[in-house]
Amino acid sequence: QVQLVESGGGLVQAGGSLRLSCAASGRTISTYAMGWFRQAPGKEREFVAAISESGRSTYYADSVKGRFTISRDNAKNTVNLQMNSLRPEDTAVYYCALDPRSAQRMSGNPAIASWGQGTQVTVSS
């Protein structure tokens, strides 16, 4: 069982940046696709970004493409989400996720095996 712990959330003004980190423990995540999802108040949880096991392939929701960058460090067992040009509509709880299938499928048909507890991101206008 993999435990995922997010950090790096906070309050930022529109146009600002934040870097989220997800630290995994329990076993290595190097053989798993990893991703980030978010959930705003009153809305369903939605896909944000995913990265393949090697880190060579990445996938993004249209709403964050060009502003967010997902990366991973398998040696450190971590996954990061660099968020730039933040907008008020990015306000949500952000969750790290592990999918034993593939990063490409996480956007449309995820099969999440492990979730983190979430970290709050608030973007003020």
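Anything mentioned here points back to the structure above.
These numbers were taken from a predicted model, which means no experiment stands behind them.

Is there a simple way to think about the packing of aromatic side chains in this case?
What describes a pair of aromatic rings is the distance from one ring centre to the other and the angle between the planes of the rings. By the definition in use, this model includes 3 aromatic pairs. For the ring pair Phe 37 and Phe 47, a centre distance of 5.7 Å and an interplane angle of 80° mean the geometry is edge-to-face. Of this pair, Phe 37 sits in strand β4 (residues 33–39) while Phe 47 sits in strand β5 (residues 46–51), placing them 10 residues apart in sequence. On the basis of relative accessible area, Phe 47 is assigned to the buried category, the value being 11%. Measuring from centroid to centroid gives 5.2 Å for Phe 37 and Trp 115, while their planes differ by 75°, and the two rings are edge-to-face. One end of the pair, Phe 37, is in strand β4; the other, Trp 115, is in strand β10 (residues 114–115), and 78 residues separate them in sequence. Joined through ring pairs, the aromatic side chains of Phe 37, Phe 47, Tyr 95 and Trp 115 make up one cluster. The ring of Tyr 95 carries the charged tip of Arg 45 above its face, separated from the ring centre by 3.7 Å. Between Arg 45 and the ring centre of Trp 115, over which it is positioned, the NZ or CZ distance is 4.4 Å.

Quick question: what am I supposed to make of the nonpolar core here?
Side chains of nonpolar character tend, in soluble globular proteins, to be buried together. Ranked by size, the top nonpolar core spans 37 residues in total, and within it Trp 36, Leu 81, Met 83 and Tyr 94 carry the most contacts. Sorting the residues of this core by element identifies β3 (18–25), β4, β5, β7 (68–73), β8 (78–83), β9 (92–99) and β11 (119–124) as the ones contributing at least two each. Leaving out residues up to four positions away in the same chain, Met 83 has contacts with Gly 16, Ser 17, Leu 18, Leu 20, Arg 67, Phe 68, Tyr 94 and Val 121.

How should I be thinking about the pairing of β5 in this particular structure?
A large share of β5 lies buried, amounting to 5 of its 6 residues. Note that β4 and β5 share 5 bridges and pair antiparallel. Paired with Arg 38 across the bridge in β5 is Glu 46. Following β4, the chain reverses through 6 residues before pairing antiparallel with β5; Gly 42 in that reversal takes a positive phi of roughly 80°. Of the strand pairs in this sheet, β5 and strand β6 (residues 58–60) are connected by 3 bridges, and their pairing is antiparallel. Paired with Ala 50 across the two strands is Tyr 59, which belongs to β6. Hairpin connection between β5 and β6: a loop of 6 residues separates the two successive antiparallel strands, and Gly 55 in this loop has a positive phi of roughly 90°.

How should the environment of Gly 35 be read in this particular structure?
Relative to the elements of secondary structure, Gly 35 occurs in strand β4. Taking the C-alpha atoms as reference points, Gly 35 and Ala 97, separated by 62 residues in sequence, lie 5.1 Å from one another. Filtering out sequence-adjacent residues up to four positions away, Gly 35 remains in contact with Ala 49, Ala 50, Ile 70, Tyr 95, Cys 96, Ala 97 and Met 106.

The rules behind each value
- Residues numbered from 1 in each chain as written.
- Predicted model: local features only at pLDDT ≥ 70, side-chain atom pairs only at ≥ 80, totals over all residues.
- Heavy atoms only, no water.
- Phe/Tyr/Trp six-rings, centres within 6.5 Å; stacked < 30°, edge-to-face > 60°.
- Helix = DSSP H or I, 4+ residues; strand = E, 2+ residues; numbered from the N terminus.
- Buried < 20%, exposed > 50% of the residue type's maximum accessible area, 1.4 Å probe, protein only.
- Lys NZ or Arg CZ within 6 Å of the ring centre and 35° of its normal.
- Core = buried A, V, L, I, M, F, W, Y, C linked by side-chain atoms within 4.5 Å.
- Contact = heavy atoms within 4.5 Å.
- Pairing = 2+ DSSP bridges.

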